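Listed here are the chains, written in short residue letters.
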Amino acid sequence: MDILNWIFNLINDLTWGWALVPILVIFGVFFTAASHFVQLRFFKRMFSVLKSDDTADPNKISAREALFVSVGGRVGGGNIAGVAVAITIGGPGAVFWMWMIALVGMCTALIEATLAQLYKRTTPEGDYRGGPAMTIIYGLGTNYRWLALIYAVCLIFSFSIGFNAFQGNTVAGAALDSMEIPRVYTGALLSIVTGFIIFGGIHRIAKAADVIIPIMALGYLAMALIIIVLNIASVPGVIVDIVANALGFREAVAGGMGAAIAQGLRRGLFSNEAGLGSAPNVAATAYVKHPVSQGITQSLSVFIDTIIICSCTAFVILLSDVYQPGAEGIDGVALTQQSMVSALGEWSQYFLTLAILLFAFSSIMYNYYLGENALSFMTDNPSAILVLRVAIIGIVFLGAVAPGAMTVFSFSDPMMGILAVVNLLALMMLFPVAMRMIQDFRTQLAQGIDKPVFDPAKFSDLDTDPTAWPDAPQAKVDAAAAGSVPAKG
């Protein structure tokens, strides 16, 4: 164990502790500049997915459902506890830098989701699968299969195993602290519900997310807005504090501007996951007419996670009397909880516990599917998926009832570090391909086409799956010839 701990600590130091955060920022800035701020150019289009879907086929995952699954995965403890830690260590200025990294991360998320959609494959059941592993294989070639395997293994160990144990632990701890519910009861209930959802596969996960995520996000947003309205006179002062601390005009904590930048960037990246290669696994499942359409949708996911939900937590904390710059002794979820209680009363701590439960449960569903997708890339044996599902149920229960066992899952962060490095290498090498997709999307918009359609025949040099694009002109001709739809023109 000592040797393993040394190895994992070394990997963690070489990734998160040294180079990975700056690299994620640099790549995000490069993608943003090279694409001419594509995330801002398409900002208005992002919200169209919330009111309409491209498919009415109940057997397909819609763009909106894929959005909610990915939002459910991005939104978690980092939005409640992580923001509190960032403010405690980095001061109010950390919030400003979280906003900045989110604006940059929106472009990274758009690029990685676009590539995942482009190289997705149709399964025998008629679903779609994709993600960085398939992007590497079909985008870079089979000579890079070893890189895709490293990615798949790290994805399973970091998200499906380590982070699911953490989510179970978070829920059980919150229920114990606020309502004195024994960990074993919380763990048992969470495991049962988790099993029911994940044994239904991606379709049941998507349907559950379509209900849970809006309730979760809108409920938390409503609570924060109530606090903001009750303290509306103090809001301008809080915004001034955030900007002043971020730019070094005021020093709220030791480390000043440097601490604000470091904490804001780090917590922002941890929260929205842009560039880590996790969300593209879900993005690839959606039925859309063009790869960039899902890229735009996933860019919105980052906006919702950091600009909206993380900001809610920040204002709840900064508008309260509980937070004292530079003070020690209260941080994490306790700071958020006590800040909410000070504004709304004791009842709000129970709401926050429920919010944590829903945040964590949505993350468990998301983390499980990432593992299933990675495993399906490695093997098509149905027994392997069954073993994974049973293992996830057990891991969630173990994380809930055995807090001391969490040290066993200390490999999660190092594995995620390797995951991010692999994903960023692939993104950089395939960035020109992503720009071709963006240009094709823009050209069709300029031609007056409101919903651009991807035509694989126009990109015959790319290893795509024509069956994954039923709206393409040639696909419609083939379907008409087969007699499934009437021929037109």
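Let me begin by describing the structure that accompanies this report. Just so we're clear, the structure is a prediction, and the values are computed from it rather than from any experiment. (Residues numbered from 1 in each chain as written. Predicted model: local features only at pLDDT ≥ 70, side-chain atom pairs only at ≥ 80, totals over all residues. Heavy atoms only, no water.)

Digging into the overall build of the protein
Argument step 1. When you go through the protein residue by residue, the secondary structure sums to 20 helices and 2 strands.
Argument step 2. Classification of the 489 residues of the protein by burial places 57% in the buried group.
Argument step 3. Considering only contacts in the protein between residues 6 or more positions apart, those separated by 24 or more positions represent 81%.
Argument step 4. Total accessible area on the protein is roughly 19,700 Å²; 66% of this is exposed by carbon and sulfur atoms. (Helix = DSSP H or I, 4+ residues; strand = E, 2+ residues; numbered from the N terminus. Buried < 20%, exposed > 50% of the residue type's maximum accessible area, 1.4 Å probe, protein only. Contact = heavy atoms within 4.5 Å. Areas by Shrake-Rupley, 256 points an atom, 1.4 Å probe, with all protein chains shown as cover.)

A short note on the packing of aromatic side chains
Argument step 1. Considering all chains together, one arrives at 12 aromatic pairs under this definition.
Argument step 2. Here Phe27 and Phe31 contribute two aromatic rings whose centre-to-centre distance is 6.1 Å and whose plane-to-plane angle is 80°, an arrangement assigned as edge-to-face. Of this pair, Phe27 and Phe31 both sit in helix α2 (residues 20-34), 4 residues apart, which is roughly one turn of that helix. For the pair shown, Phe27 and Phe31 are each scored as buried.
Argument step 3. By the ring-pair criterion, three or more aromatic residues cluster together here, those being Phe27, Phe30, Phe31 and Phe431.
Argument step 4. Positioned over the ring face of Trp469 is Lys120, at 4.4 Å from the centre of the ring.
Argument step 5. Positioned over the ring face of Tyr138 is Arg121, at 3.6 Å from the centre of the ring. (Phe/Tyr/Trp six-rings, centres within 6.5 Å; stacked < 30°, edge-to-face > 60°. Lys NZ or Arg CZ within 6 Å of the ring centre and 35° of its normal.)

Focus: helix α10 (residues 183-198)
Argument step 1. In this model α10 runs 22 Å from its N-terminal to its C-terminal C-alpha over 16 residues, within 8% of the 22 Å that 1.5 Å per residue would give.
Argument step 2. Along α10, the residues that are buried comprise Arg183, Thr186, Gly187, Leu190, Ser191, Thr194, Gly195, Ile197 and Ile198. Projected down its long axis, α10 carries its buried residues within an arc of 160°, all on one side. Structural note: α10 exposes Tyr185, Leu189, Ile192 and Phe196 on the side pointing more than 90 degrees away from its buried face. (Expected span 1.5 Å × (residues − 1). Arc of directions from axis to C-beta.)

Section: the layout of surface pockets
Argument step 1. Put simply, the second largest pocket is a space of about 510 Å³.
Argument step 2. Taken together, 21 residues form the lining of the second largest pocket, with Thr123, Pro124, Glu125, Arg129 and Ser376 sitting closest to its centre.
Argument step 3. Where the lining of the second largest pocket is concerned, the elements lending two or more residues are β1 (121-122), β2 (128-129), α11 (201-230), α17 (347-378) and α18 (382-401).
Argument step 4. Among the elements that take part in the lining of the second largest pocket, α17 stands out by supplying 4 residues, more than any other. (1 Å grid on protein atoms, 1.4 Å probe; cavity = no way out; pocket = protein on both sides within 12 Å on 5 of 7 lines; lining within 4 Å. Points joined across faces, edges and corners; volume = space filled by probe spheres on them.)

A look at empty space enclosed by the protein
Argument step 1. Tallying each qualifying case throughout the model produces 4 cavities of 30 Å³ or more.
Argument step 2. Put simply, the largest cavity is a space of about 50 Å³.
Argument step 3. Of all elements in the fold, only α7 (93-118), α8 (132-140) and α19 (412-446) reach the threshold of two or more residues within the lining of the largest cavity.
Argument step 4. The residue makeup of the lining of the largest cavity, split by class, is 6 nonpolar, 3 polar and 1 charged. (Nonpolar A, V, L, I, M, F, W, Y, C, P; charged D, E, K, R; others polar.)

Examining the side chain of Gln298
Argument step 1. With respect to the helices and strands, the residue Gln298 is situated in helix α15 (residues 291-318).
Argument step 2. Take Gln298: its relative accessible area is 1%, and that puts it in the buried class.
Argument step 3. What Gln298 contacts, discounting residues up to four positions off in sequence, is Ala66, Leu67, Ser70, Arg74, Ala109, Ala113, Ala279 and Ala283.

Here we look at the side chain of Asn245
Argument step 1. By the secondary structure assignment, Asn245 is in helix α12 (residues 235-246).
Argument step 2. With a relative accessible area of 7%, Asn245 lands in the buried category.
Argument step 3. There is a polar contact of 2.7 Å between the side chain of Asn245 and the backbone oxygen of Asp241. (Polar contact = N/O pair within 3.5 Å; in protein donor to acceptor, adjacent residues only side chain to side chain.)

Things to note about the packing of α15 against α19
Argument step 1. Between α15 and α19, the least distance of the axes is 9 Å, while the angle of their chain directions is 100°. Judged by the angle between their axes, α15 and α19 are roughly perpendicular. Contacts between α15 and α19 pair Pro291, Val292, Ser293 and Ile296 from the former with Met437, Ile438 and Phe441 from the latter. (Axes fitted to C-alpha atoms, helices over the stretch in contact; angles between N-to-C directions. Parallel < 35°, antiparallel > 145°, perpendicular 65-115°, else oblique.)

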